[in-house]
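Observations on the model geometry
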Amino acid sequence: MGLPTTTIGPYQIGGIFLRMDGSDVKSFNPSGAGEVNCQVSEGPWEQFHLEPQDDGTYAIASINFPGVYLRMDGTGLSEDNPGEGVVNCQFGVGPWEKFKISKGKGPFTGLTIESAHFPNVFLKMDSSSCSTFNGLGCGKVSCVWGASFEPPLDESFEILPPPNIS
């Protein structure tokens, strides 16, 4: 039995999904490539496999673009510099393509997706500009230092089906 098809969306906002465009990602690129944003509907670019890694983390693999994975670059992010880092795609799995998926700490939070390589750097999904389907996607996906557990909960996700986490 293979891995289940998974979707990732902002917690408590139905109908919005993480979107990965890996159409030009054919080989390893040190800076990553492709585009990651949001979409108002679920199609093949919004479907993933959560691939368990030997170290207990997950790699988030595109179903539509074989060999293409979610990549998070948290270089320079810290408590003193909480800005936004780059989220894009990578061909193959290296340290920047591995994630810890955990239950949120607040009373109204879903799951968090934290970089294994950049501790305390979390995936952020701002879908506030998304209202209708757009072939190029919508919203903004980045990574930030620390996860907020207060509205708008941009670092909190609903992953369906959910992974087995403790």
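Quick summary incoming for the structure in this document. (Residues numbered from 1 in each chain as written. Predicted model: local features only at pLDDT ≥ 70, side-chain atom pairs only at ≥ 80, totals over all residues. Heavy atoms only, no water.)

Okay, the state of the cysteines next. Under the definition given, this model contains one disulfide. Considering cysteine sulfurs only, Cys89 is the nearest to Cys143, which forms no disulfide, with 14 Å between them. (Disulfide = S-S within 2.5 Å.)

Our next topic: the pairing of strand 6 (residues 68-73). Within strand 6, six of the six residues are buried, which leaves the element mostly enclosed by the surrounding structure. Of the pairings in the sheet, the one linking strand 6 to strand 7 (residues 84-91) comprises six bridges and is antiparallel in character. Across the sheet, the residue bridging to Met72 is Val87, located in strand 7. (Buried < 20%, exposed > 50% of the residue type's maximum accessible area, 1.4 Å probe, protein only. Helix = DSSP H or I, 4+ residues; strand = E, 2+ residues; numbered from the N terminus. Pairing = 2+ DSSP bridges.)

Another point: the pattern of salt bridges. In this structure the tally under the stated criterion is four salt bridges. A salt bridge links Asp55 to Lys98, with the nearest nitrogen and oxygen atoms 3.7 Å apart. One end of the pair, Asp55, is in the loop between strand 4 (48-52) and strand 5 (58-62); the other, Lys98, is in the loop between strand 7 and strand 8 (99-103), with 43 residues separating them in the sequence. The exposure class of Lys98 is partly exposed, given its relative accessible area of 22%. The partner of Glu84 in a salt bridge is Lys124, and the shortest N-O contact between them spans 3.3 Å. (Salt bridge = Lys/Arg side-chain N within 4 Å of Asp/Glu carboxyl O.)

Considering the arrangement of structural elements, one finds Gln90 in strand 7. Relative accessible area serves as the criterion here: at 2%, Gln90 is assigned to the buried category. Within the local environment of Gln90, its side chain forms a polar contact with the backbone oxygen of Asn29, the two atoms lying 2.6 Å apart. Residues contacting Gln90, with those up to four places away along its chain left out, are Val25, Ser27, Phe28, Asn29, Gly32, Gly67, Val68, Tyr69, Arg71 and Glu97. (Polar contact = N/O pair within 3.5 Å; in protein donor to acceptor, adjacent residues only side chain to side chain. Contact = heavy atoms within 4.5 Å.)

All right, on to the pairing of strand 5 then. With respect to burial, strand 5 is a largely interior element, five of its five residues being buried. In strand 5, alternate side chains face the same way, and those of Tyr58, Ile60 and Ser62 on one face and Ala59 and Ala61 on the other are all buried. Relative to strand 5, strand 4 runs antiparallel, the two being bridged by five bridges. The residue bridging Phe48 from the neighbouring strand is Ser62, located in strand 5.

Time to look at the environment of Asn120. Here Asn120 is to be found in the loop between strand 9 (111-115) and strand 10 (121-126). Each C-alpha atom, one on Asn120 and one on Phe48, is 23 Å from the other, the two residues being 72 residues apart in sequence. For Asn120, the residues in contact, after removing those within four places along its chain, are Glu114, Val144, Trp145 and Gly146.

On to the side chain of Glu114, then. Within the secondary structure layout, Glu114 lies in strand 9. Buried and unpaired, Glu114 has Lys100 as its nearest opposite-charge partner, separated by 4.5 Å. Ignoring anything within four residues of it in the chain, the contact list for Glu114 reads Lys98, Phe99, Lys100, Pro119, Asn120, Val121 and Phe122. (Lys, Arg positive; Asp, Glu negative; His and termini not counted.)

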